[in-house]
Amino acid sequence: MKDLVLYDKKRRTFIVAFGGGVIGDLAGFIASIYKRGVPYIQVPTTLLAQVDSSIGGKTAVDLSEGKNLLGAFYQPRLVLSDTGFLKSLDAGQLKSGLAEVIKYGIIKDASFFAYLEKRYRDVLSLKPSVLAFIVKRSSDIKAKIIEKDEREEKGLRTILNFGHTIGHAIETAGNYRQYNHGQAIALGMLVASALSKKLGYINDSIKQRIENLIKSVGLPTRIKNIPLHRVIKAHYQDKKFKGAKNRFVLIQGIGKTRITEDVPLSLIKETIKNYSS
Ligand SMILES: NC(=O)c1ccc[n+]([C@@H]2O[C@H](COP(=O)([O-])OP(=O)(O)OC[C@H]3O[C@@H](n4cnc5c(N)ncnc54)[C@H](O)[C@@H]3O)[C@@H](O)[C@H]2O)c1
Ligand SMILES: [Zn+2]
């Protein structure tokens, strides 16, 4: 705790969250309860933290009973993202963050998606100007959504969950070891795109573009060694579900989402199966 807490000249306490998403969530949560709340600053050092977890003011820590069980909505005073930190990140971590970046293009910005299709190699080789652009664009997209629905009360934040219903289920069914978050989300986005196609919301070429980009950046396109029934069981935990009704964030095009309830279980199973090997 002492390491987290700093003082300014007037000896007012503040906290600096310097690290990846785990540190950001922990430090943000401590800031929300220490002395009933002290200011904090996010200095995210992973791509995932720079484009996602440092923005939006959700803070949380896990309990042995489950993930994110303690937490609060508590906004940082500042988010300072320096893409120079990403140089020491391992490739798997970089790609995990990239899955969320691709998500922003799919849910909100077709031209950003097209930019990623053209420039993904420069992202992987850590070209500074390209990294700066994708972090800025992703942060702006997330911040704009959060501004309209800070406490997740209006359902607008839901679209940030694209790919996460089945993605989280894959993460859980693989005991959090088989796939990291971004890899699981990439697979979840493939399933969500395929469901969108099966329901007639998008054509095959859009689905194919999404699949091609995910494959090109080196994220997985097949769910390996996880039995279908485990993914199905885990997907019922999704917090978007209302009673017996499931609820998916699907797409009508790149940059345009469509929330759909009551997707038939047979269709979900068939789609996950198509992506399993
Ligand atoms: N609050 C939110 O809105 C939100 C959103 C998404 C994810 N999360 C949370 O974020 C966490 C995942 O975040 P993450 O992917 O950043 O993982 P992480 O914080 O575990 O960091 C991944 C690894 O990278 C190391 N690392 C961090 N910065 C580095 C750097 N610059 N160079 C080399 N290594 C570095 C860390 O020590 C760690 O081993 C999860 O706990 C998830 O629940 C929160
Ligand atoms: Zn995510």
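Remember, it's a predicted structure, so these values are computed and weren't measured experimentally.

A.B. asks: Requested: an account of the packing of aromatic side chains, with residues and values cited.
C.D. replies: Aromatic rings considered in pairs are described by the distance between their centres and by the relative angle of their planes. Within this structure, the stated rule accounts for five aromatic pairs. Relative to Y74, the ring of Y40 lies with its centre 5.7 Å away and its plane at 5 degrees, an arrangement referred to as stacked. You can see Y40 sitting in strand 3 (residues 40-44) and its partner Y74 sitting in the loop between strand 5 (66-73) and strand 6 (78-79), a full 34 residues away along the chain. Residue classification places Y40 among the buried residues on the basis of a relative accessible area of 1%. Ring centres of F112 and F133 lie 5.9 Å apart, and the angle between their planes is 70 degrees; on these two criteria the pair is classed as edge-to-face. In this pair, F112 sits in helix 4 (residues 110-124) while F133 sits in helix 5 (residues 128-148), placing the two residues 21 residues apart along the sequence. Overall, F133 belongs to the partly exposed group, its relative accessible area being 36%. Following the ring pairs from residue to residue traces out a cluster consisting of F112, Y115 and F133. Directly above the ring of Y201 sits R258, whose terminal nitrogen or CZ lies 3.9 Å from the centroid.

A.B. asks: I'd like to hear about the coordination of the zinc ion (ligand 2), residue by residue, with values.
C.D. replies: Ideal values for angles at a metal depend on the geometry: 109.5 degrees with four tetrahedral donors, 90 or 180 degrees with six octahedral donors. Summarising the metal site, the zinc ion (ligand 2) is bound by the protein donors E100 (OE), H164 (NE2) and H181 (NE2), whose distances to it range over 1.9 to 2.1 Å. Counting the intervening residues between successive donors of the zinc ion (ligand 2) yields the motif E-x63-H-x16-H. Here H164, found in helix 6 (residues 164-173), pairs with H181, found in helix 7 (residues 181-198); they are 17 residues apart in sequence, far enough to count as distant. A relative accessible area of 6% means that H164 is categorised as buried. Exposure remark for H181: the relative accessible area of 21% places this residue in the partly exposed category.

What counts, and where the lines are drawn
Residues numbered from 1 in each chain as written. Chains lettered and ligands numbered in written order. Predicted model: local features only at pLDDT ≥ 70, side-chain atom pairs only at ≥ 80, totals over all residues. Heavy atoms only, no water. Phe/Tyr/Trp six-rings, centres within 6.5 Å; stacked < 30°, edge-to-face > 60°. Helix = DSSP H or I, 4+ residues; strand = E, 2+ residues; numbered from the N terminus. Buried < 20%, exposed > 50% of the residue type's maximum accessible area, 1.4 Å probe, protein only. Lys NZ or Arg CZ within 6 Å of the ring centre and 35° of its normal. Donors = N, O, S within 2.8 Å, 3.2 Å for Na, K, Ca; no water.

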